[in-house]
Number of protein chains: 2
Amino acid sequence: MQILHSPEEVQKTTREWGGTVALVPTMGALHAGHLSLVEAAQSLADRVVVSIFVNPLQFGPTEDLDKYPRTLEQDASLLGELNVDLLFAPQAAEFYPQGFSTKVSVSGLTASLCGASRPGHFEGVTTVCLKLFQVSNADFAVFGEKDFQQLRVIEQMVDDLNLPVKIIRGAIVRETDGLAMSSRNRYLTAEQRRSAGRVPEAVAAVRRLGADAHVSDVLECARGILGEIEIDYLEVCSEADLRPEAASTALSKIPSPHFFLAVKIGQTRLIDNTPLHGVTP
Amino acid sequence: MQILHSPEEVQKTTREWGGTVALVPTMGALHAGHLSLVEAAQSLADRVVVSIFVNPLQFGPTEDLDKYPRTLEQDASLLGELNVDLLFAPQAAEFYPQGFSTKVSVSGLTASLCGASRPGHFEGVTTVCLKLFQVSNADFAVFGEKDFQQLRVIEQMVDDLNLPVKIIRGAIVRETDGLAMSSRNRYLTAEQRRSAGRVPEAVAAVRRLGADAHVSDVLECARGILGEIEIDYLEVCSEADLRPEAASTALSKIPSPHFFLAVKIGQTRLIDNTPLHGVTP
């Protein structure tokens, strides 16, 4: 596996390859969720690029940029074992040089959920992803459904800007108790980790609700299971527009209803989501 | 010459070509200035795409979007004579479909000059140019120096976003009296057209000022020649940052000093610019 830090070198390399390229953009601290995206990428394209970059643009001033886990050596070893073709690990000072002043932003889809809780976050995500697509010359880019809003925002950007890359959705990979894999899970103490098990429990419970349920039933069901866990948001949205639906709305009236949750356990923010089954709009 | 309206078809066509592609983005109503850009493009690349699109995103609500000249048939005939490979003339409703919600913006360079006079203008320009670069699969894109700020903004976007396209500057083409060619010149009545001759006169005069001149000398010289013509702005800026320099600053202290002018003659807004020679910073 080639490891490159310079955007120019990666761009040159990937353009010389010929054949198709799939990109898996990550912030590192890789877990089985990431590795499943890499495997999906390998099934799609002739070559696979994985990027590891803890993107400062997508962190707010009070967020965990500094303490975000950085495990490049271990990540490189995992990717090498999977025979990834190229690991791109840029330095922030080179990827955003002095005078950097361009932003890519998506309105609408970013107004709710994590977009509301984390101002500027998605602008950082879309800007870095556009750069990564250009540098990697990607025909495909694979994003996990754990960050479902991010996935929808990227899909919108790709459509709107005619980017010649196909976005592929990778299913959430979960721990044995159901907790969605996340690099941030390692922040949790043993006790917090046990408590975090209620998150996938809530997700599984709302997914079992029938087609006759209303948004209020979903929210109450989730709240009941989460108990004393601090809630950032609980919402039901249509997948198309991600606009939170009113509590009184019947799930059967919502096209592709989807449940979204963000909680805080100690200092650690966790998110999860699920399509709401049993519903045929 | 192929004429296509669908972004998808253009993207498919240009990606199948192989070899290099140069793009000349225009809003149509082509004149000799545009044609010189097409010739530059032909000298650079195996294939040339010209786009003609009066981009609604870059017009303010009180600007001339509706009356902007549209002469597609005549433009196509001119480009066909030059053996352009592909004319891309999208429809706004297809290029910005329902739900379109992504913007590309450059800060800093867009704060002054036309960016200050025309809020949102450059965001419209950068968004459409990014789309055109993706659709045309361009290795080169040629922009005229008449819109010098636009050129600098596009150069910044390309650098910041790692776009794999090289921006080429095309020199201003002028009428016999020196007026910079512009599709908007056709708005002028005969009397206004005579009066407009003072604009290149002012540009030529400030260019002749010596290295010992100050910004104030440049501005006074231009004002003296423009006489009663309504001035939108007159500024001297460094080419690098386009920040207006104070009147008291000596040209010799400004790296690559550049003079910028925007005037209004009747309802018609005209711009021009020149590097200030006689100065070696």
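## A short note on the domain arrangement of chain A
Residues and elements named next belong to chain A. The domain boundaries assigned to chain A delineate domain 1 (2-170) and domain 2 (183-275). Every contact between the two is made by 24 residues of domain 1 and, on the other side, 19 residues of domain 2. In this assembly, domain 1 packs against domain 2 so that about 1800 Å² is buried in total across both faces, 55% of it on carbon and sulfur atoms. Scanning the region where domain 1 abuts domain 2 turns up 2 salt bridges. Between aspartate 64 and arginine 184 there is a salt bridge whose closest N-O contact spans 2.8 Å. Where domain 1 packs against domain 2, one counts 13 residue pairs in polar contact (both at pLDDT 80 or more). Within the residue set of the side of domain 1 that touches domain 2, elements represented by two or more residues are helix H5 (113-117) and helix H7 (148-160). Of the residues in the side of domain 1 that touches domain 2, the class split is 9 nonpolar, 7 polar and 8 charged.

## Section: the environment of A:Val236
In this fold, A:Val236 is placed in strand S8 (residues 230-238). Separated by 39 residues in the primary sequence, A:Val236 and A:Pro275 place their C-alpha atoms 9.3 Å from one another.

## Quick word on the interface of chain B and chain A
Where interface size is quoted, it is often the accessible area lost as the parts come together. The interface is formed by 26 residues belonging to chain B together with 26 residues belonging to chain A. Taken over both partners, the interface formed by chain B and chain A buries close to 2200 Å², and the fraction arising from carbon and sulfur atoms is 44%. Between B:Arg15 and A:Asp139 there is a salt bridge, with the nearest N and O atoms lying 3.6 Å from each other. Counting the contacts that link chain B with chain A gives 16 residue pairs in polar contact (both at pLDDT 80 or more). Looking at the side of chain B that touches chain A, the elements that each hand over two or more residues are helix H1 (7-17), strand S5 (102-106), helix H6 (121-136) and helix H7 (148-160) of chain B. Counted by class, the side of chain B that touches chain A contains 11 nonpolar, 10 polar and 5 charged residues.

## A closer look at helix H10 (residues 215-226) of chain A
All names here are of chain A. Here H10 contains 12 residues, and its C-alpha end-to-end distance of 17 Å stays within 8% of the 16 Å for a straight helix at 1.5 Å per residue. All of the buried residues along H10 are Val215, Val218, Leu219, Ala222 and Leu226. Taken around the axis of H10, the buried residues stretch over an arc of 90°, which confines them to a single face. Opposite the buried face of H10, by more than 90 degrees, sit the exposed residues Glu220 and Gly224. Where the residues of H10 are buried, they touch helix H9 (198-207), S8 and strand S9 (257-265). Looking one or two residues beyond H10, the residue adopting positive phi is glycine 227, at roughly 60°.

## Here we look at the sheet that holds strand S6 (residues 140-144) of chain B
Residue and element names in this part refer to chain B. The strand order across the open sheet formed by 6 strands is S1-S4-S3-S2-S6-S7, and the pairing between neighbours is parallel. Of all the strands in the sheet, just strand S1 (2-4) and strand S7 (166-170) have a single pairing partner and so form its edges. With direction set aside, neighbouring strand axes in the sheet form an average angle of 25°. Bridge count between strand S2 (residues 21-26) and strand S3 (residues 47-52): 6 bridges; the pairing is parallel. Each residue of the ladder has a partner; that of leucine 23, found in S3, is valine 49. Contacts between H1 and the sheet are confined to S1, S2, S3 and strand S4 (86-88), with S4 contributing the most and set at about 150° to the helix. Running over the sheet, H7 touches S6 and S7 and is turned about 165° from S7.

## Details of the sheet that holds strand S2 (residues 21-26) of chain A
All names here are of chain A. As summarised here, the arrangement of the 6 strands in space is S1-S4-S3-S2-S6-S7, forming an open sheet in which the pairing is parallel. Strand pairing shows two members of the sheet lacking a second neighbour, strand S1 (2-4) and strand S7 (166-170), which therefore form its edges. Between one strand axis and the next, the sheet turns by 25° as a mean value, whatever way the strands run. Bridging between S2 and strand S6 (residues 140-144) involves 2 bridges; their strand directions are parallel. Looking at the pairing, alanine 22 lines up with phenylalanine 140 of S6. In the packing of helix H2 (residues 32-44) onto the sheet, contacts are made with S2, strand S3 (47-52), S6 and S7, and the angle to S6 comes to roughly 155°.

## Focus: the relation of the copies chain B and chain A
In the superposition of chain B on chain A (RMSD 0.0 Å, axial shift 0.0 Å), the rotation amounts to 180°. What we have between these two chains is a two-fold relation. Scanning chain B for the C-alpha nearest the rotation axis identifies B:Val104, at a separation of 2.3 Å. Comparing interface residues between copies, 100% of those in chain B also sit at the interface in chain A, which points to an isologous, same-surface contact.

## Quick notes on the pattern of salt bridges
Residue and element names in this part refer to chain A. Scanning all chains against the criterion turns up 28 salt bridges over all chains. Glutamate 16 is the salt-bridge partner of lysine 12, the closest N and O atoms lying 3.3 Å from each other. In this pair, lysine 12 and glutamate 16 both sit in helix H1 (residues 7-17), 4 residues apart, roughly one turn of the helix. The pair formed by lysine 12 and glutamate 16 is uniform in burial state, with each residue classed as exposed. One salt bridge connects arginine 243 with aspartate 241, and the closest N-O pair in it is separated by 3.8 Å. For aspartate 241, a relative accessible area of 27% puts it in the partly exposed group. Each of Arg152, Glu155, Arg169 and Glu239 takes part in one network of salt bridges that share partners.

## Section: the packing of helix H9 (residues 198-207) of chain B against helix H10 (residues 215-226) of chain B
Working note: a packed helix pair is described by the angle between its axes plus the distance between those axes. All names here are of chain B. It is at 9 Å that the axes of H9 and H10 come closest, and there the two elements cross at 155°. Accordingly, the angle class assigned to the pair H9 and H10 is roughly antiparallel. Viewed along their axes, H9 and H10 form a crossing whose handedness is right-handed. From H9, Arg198, Val199, Glu201, Ala202, Ala205 and Val206 reach across to H10, where they touch Val218, Cys221, Ala222, Ile225 and Leu226. Considering only residue class, the contact of H9 with H10 consists of 9 nonpolar, no polar and 2 charged.

## Remarks on the packing of aromatic side chains
The final tally for this structure, using the stated rule, is 16 aromatic pairs over all chains. Ring geometry for A:Phe95 versus A:Tyr96: centroids 5.9 Å apart, planes at 45°, classification tilted. Seen in terms of ring centroids, B:Phe53 and B:Tyr96 are 5.9 Å apart; in terms of plane orientation they differ by 50°. Their pairing is tilted. You can see B:Phe53 sitting in the loop between S3 and helix H3 (72-81) and its partner B:Tyr96 sitting in the loop between helix H4 (92-95) and S5, a full 43 residues away along the chain. Grouping residues by exposure puts B:Phe53 and B:Tyr96 together as buried. In this structure an aromatic cluster arises from ring pairing among A:Phe53, A:Phe88, A:Phe95, A:Tyr96 and A:Phe100. The ring centre of A:Tyr187 lies 4.3 Å from the NZ or CZ of A:Lys67, which sits over that ring.

Thresholds, definitions, all that
Residues numbered from 1 in each chain as written. Chains lettered and ligands numbered in written order. Predicted model: local features only at pLDDT ≥ 70, side-chain atom pairs only at ≥ 80, totals over all residues. Heavy atoms only, no water. Domains from an automatic or database assignment. Contact = heavy atoms within 4.5 Å. Buried area = accessible area lost by both parts, 1.4 Å probe. Salt bridge = Lys/Arg side-chain N within 4 Å of Asp/Glu carboxyl O. Polar contact = N/O pair within 3.5 Å; in protein donor to acceptor, adjacent residues only side chain to side chain. Helix = DSSP H or I, 4+ residues; strand = E, 2+ residues; numbered from the N terminus. Nonpolar A, V, L, I, M, F, W, Y, C, P; charged D, E, K, R; others polar. Expected span 1.5 Å × (residues − 1). Buried < 20%, exposed > 50% of the residue type's maximum accessible area, 1.4 Å probe, protein only. Arc of directions from axis to C-beta. Pairing = 2+ DSSP bridges. Axes fitted to C-alpha atoms, helices over the stretch in contact; angles between N-to-C directions. Least-squares fit on C-alpha atoms with pLDDT ≥ 70 in both. Parallel < 35°, antiparallel > 145°, perpendicular 65-115°, else oblique. Left-handed = near helix turned anticlockwise from the far one by under 90°. Phe/Tyr/Trp six-rings, centres within 6.5 Å; stacked < 30°, edge-to-face > 60°. Lys NZ or Arg CZ within 6 Å of the ring centre and 35° of its normal.

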